[in-house]
Amino acid sequence: SDGWCWGGANIGPRSQYWRFSNQTDQMMACPEPAACLGVTPFGQSVDSGVCERGYRGNLCADCVQGWYHVFEHQCGQCPSVFVNVLVFLVLVVVVGLYVWSLASSTLGVKGQSLLGVYLRLYMNYLQMVILTSAFELQWPKEVRALFIGQRRLGSLS
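**Quick word on the overall build of the protein**
- Scanning the protein for helices and strands turns up 3 helices and 10 strands.
- Each helix and strand of the protein, ordered N terminal to C terminal, gives the series β-β-β-β-β-β-β-β-β-β-α-α-α.
- Taking all 157 residues of the protein together, the buried fraction comes to 19%.
- When the accessible surface of the protein is summed, it comes to about 11,400 Å², and 63% of that surface belongs to carbon and sulfur atoms.

The structure is reproduced here in C-alpha cells:
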C-alpha cells in the first residue's frame, strides 16, 4: 500500500507518499511522485519521509534554495548567472530581429505608423499564446515552461 509498518505505531510512507506528522497514519500521495522518497523499510528518524535532492517541505512540493519551479510541482537546479544572461541576450536579439523584419515588411505599405504595427504584432502574439495554451495537449516540457512563464509574466502587478 502507501506506507511501511514495523509493528505498533511505527509506520512511515513508501516512495511517492508523504506523511504530515508522526501523529497521523494517513499517507498522502505527492503531487510530484519522484520528489518523495519515503522512508526505508527499516525506519528512519524522519517519520514524514525524505525528499529528493532539490525538494523540501510538505509533500516535497517546495524547492530548496538554488532550485526553482520548472513546472508546478517539479524543481530544477538554477543555471549560473552567466548562462541566464547569455540566454536572455540571445532571446532579445532573436525576438528583436523577428519584430524588426515583420515591422519593416509591413511598413512597405504607405501611411502605417510604427506603433500601430507593433501593437498589432503584440496582440497577434498574445492571441496565439492564449489559444495554444488552452489546448490540453501533451506539450513538450520546454513549451509548458514557456506557457507557465507567460502566465507568471501576465500576472505581475
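**Considering the pattern of salt bridges**
- Under the counting rule described, the total for this entry stands at 1 salt bridge.
- Taking the shortest distance from any N to any O, the salt bridge between Asp 62 and Arg 56 comes out at 3.1 Å.

**Quick word on the state of the cysteines**
- A full pass over the atoms with the stated rule returns 3 disulfides.
- Sulfur-sulfur distance for the disulfide between Cys 30 and Cys 36 comes to 1.7 Å. Taking the sign of the S-S torsion, -100° for the link of Cys 30 and Cys 36, the bridge is left-handed.
- The class of Cys 30 is buried, set by a relative accessible area of 7%.
- Here Cys 36 falls in the buried class, since its relative accessible area comes to 1%.

**A closer look at the nonpolar core**
- With 11 residues, the main nonpolar core is built from Trp 18, Cys 30, Ala 35, Cys 36, Cys 51, Tyr 55, Leu 59, Cys 60, Cys 63, Trp 67 and Cys 75.
- Contacts of Tyr 55, omitting those with residues within four sequence positions, involve Glu 32, Ala 35, Cys 60, Asp 62, Val 64, His 73, Gln 74 and Cys 75.

**So, unusual backbone geometry**
- You will see that Gln 16, though not glycine, has its phi angle at about 80°, which is positive.
- As for its position among the elements, Gln 16 is in the loop between β2 (11-13) and β3 (17-18).
- Residue Gln 16 is classed as partly exposed on the basis of its relative accessible area, which comes to 43%.
- Located in the positive-phi region is Leu 59, a residue other than glycine, with phi close to 60°.
- Its location among the elements puts Leu 59 in the loop between β7 (55-56) and β8 (62-63).
- Since its relative accessible area comes to 18%, Leu 59 is described here as buried.

**Side note on the environment of Gly 3**
- With respect to the secondary-structure elements, Gly 3 resides in strand β1 (residues 3-5).
- Residue Gly 3 is classed as buried on the basis of its relative accessible area, which comes to 17%.
- Distance from Gly 3 to Pro 13, taken between C-alpha atoms, is 4.1 Å for residues 10 residues apart in sequence.
- Discounting residues that sit within four places of it in the chain, Gly 3 has contacts with Gly 12, Pro 13, Arg 14 and Met 27.

**Focus on the side chain of Glu 32**
- Locating Glu 32 in the fold gives a position in the loop between β4 (28-29) and β5 (36-38).
- We classify Glu 32 as buried; its relative accessible area is 15%.
- Setting aside chain neighbours within four positions, we find Glu 32 in contact with Tyr 55, His 73 and Gln 74.

**Examining the environment of Gln 77**
- The residue Gln 77 is located in strand β10 (residues 75-77) in this model.
- Residue Gln 77 is classed as partly exposed on the basis of its relative accessible area of 47%.
- Separated by 10 residues in the primary sequence, Gln 77 and Trp 67 have C-alpha atoms spaced 4.3 Å apart.
- Ignoring sequence-local partners within four residues, the contact set of Gln 77 consists of Arg 53, Gly 66, Trp 67 and Tyr 68.

What counts and how
Position numbers for residues start from 1 in each chain and track the written sequence from start to end. The model is predicted, so local features are restricted to residues of pLDDT at least 70 and side-chain atom pairs to those at 80 or more, both for listing and for counting; the totals for chains, interfaces and linings are taken over all residues. Side-chain calculation: all heavy atoms of the structure are included, whereas hydrogens and water are not. Elements are defined by DSSP. Helices are runs of H or I of four residues or more, strands are runs of E of two residues or more, and each kind is numbered from the N terminus. Think of it in three bands: residues with accessible area under 20% of the maximum for their type are buried, residues over 50% are exposed, and the middle band is partly exposed, with areas taken using a 1.4 Å probe on protein chains only. We get accessible surface area from the Shrake-Rupley algorithm with a probe of 1.4 Å; when it comes to residues, only the shown protein chains can shield them. One side-chain nitrogen of Lys or Arg within 4 Å of one carboxyl oxygen of Asp or Glu is enough to make a salt bridge. We call a pair of cysteine sulfur atoms a disulfide whenever their separation is within 2.5 Å. In this description, a nonpolar core means a group of buried Ala, Val, Leu, Ile, Met, Phe, Trp, Tyr and Cys residues linked to one another through side-chain atoms lying within 4.5 Å. Here, two residues are considered to be in contact whenever any of their heavy atoms come within 4.5 Å of each other.

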